[in-house]
Amino acid sequence: MAYLNFSPLQGDSVAAPADLLPKPRPNTGFSALEWQVVAIAQKDRLSSLRNPSRLGTALGVVFGSRRANPRLADPALEALRRLAVLAWHRGYAIPDREVRTFHDAGYTPDQYDALLASISRGRATQNRA
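Residues numbered from 1 in each chain as written. Predicted model: local features only at pLDDT ≥ 70, side-chain atom pairs only at ≥ 80, totals over all residues. Heavy atoms only, no water.

Packing of helix α4 (residues 96-104) against helix α5 (residues 109-128) leaves a shortest axis separation of 10 Å and a crossing angle of 125°. Here α4 lies oblique to α5, going by the angle between them. Crossing geometry of α4 relative to α5 is assigned as right-handed. On α5, the residues touching V99, F102 and H103 of α4 are P109, Y112 and L115. Looking at the contact of α4 with α5 residue by residue, the classes come out as five nonpolar, one polar and no charged. (Axes fitted to C-alpha atoms, helices over the stretch in contact; angles between N-to-C directions. Helix = DSSP H or I, 4+ residues; strand = E, 2+ residues; numbered from the N terminus. Parallel < 35°, antiparallel > 145°, perpendicular 65-115°, else oblique. Left-handed = near helix turned anticlockwise from the far one by under 90°. Contact = heavy atoms within 4.5 Å. Nonpolar A, V, L, I, M, F, W, Y, C, P; charged D, E, K, R; others polar.)

Structure, rendered in structure tokens:
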């Protein structure tokens, strides 16, 4: 029977080849709240992206109507909503300024790709039904 003394290694870290260590994956996911915003954006109209006119605001005050889709208070979530609304209606045809706003809100290019891929799958499912 063979005996191997491991006591000199106690407390010391054992080196491992770099390719065996897990590589950190970029964060391509969204939180549950962010996915809810994407789901709600599916039912929003493109008109929800425009600012109301002065006349529309005045009529709303007079007649007591409110906007159907008020803007979200969190700028990052609003950028996500705007991009999701555009993606639900136009697919991959997103204006550059909206993509810049999305990235400026703190979202990564990987999250952008994941969002558009998810919405594209959702649109394909809707078209089949």
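Moving on, we come to the environment of L86. Among the structural elements, L86 can be located in helix α3 (residues 75-90). Separated by 44 residues in the primary sequence, L86 and Q42 place their C-alpha atoms 9.3 Å from one another.

So, about α4. Looking at α4, one finds that the buried residues are E98, V99 and F102. Here the buried residues of α4 occupy an arc of 100° about the axis, which is enough to place them on one side. Along α4, exposed side chains directed more than 90 degrees from the buried face belong to D96, R97, R100 and D104. The secondary structure elements touched by the buried residues of α4 are α3 and α5. Directly beyond the C-terminal end of α4, a positive phi value near 110° is found at G106. (Buried < 20%, exposed > 50% of the residue type's maximum accessible area, 1.4 Å probe, protein only. Arc of directions from axis to C-beta.)

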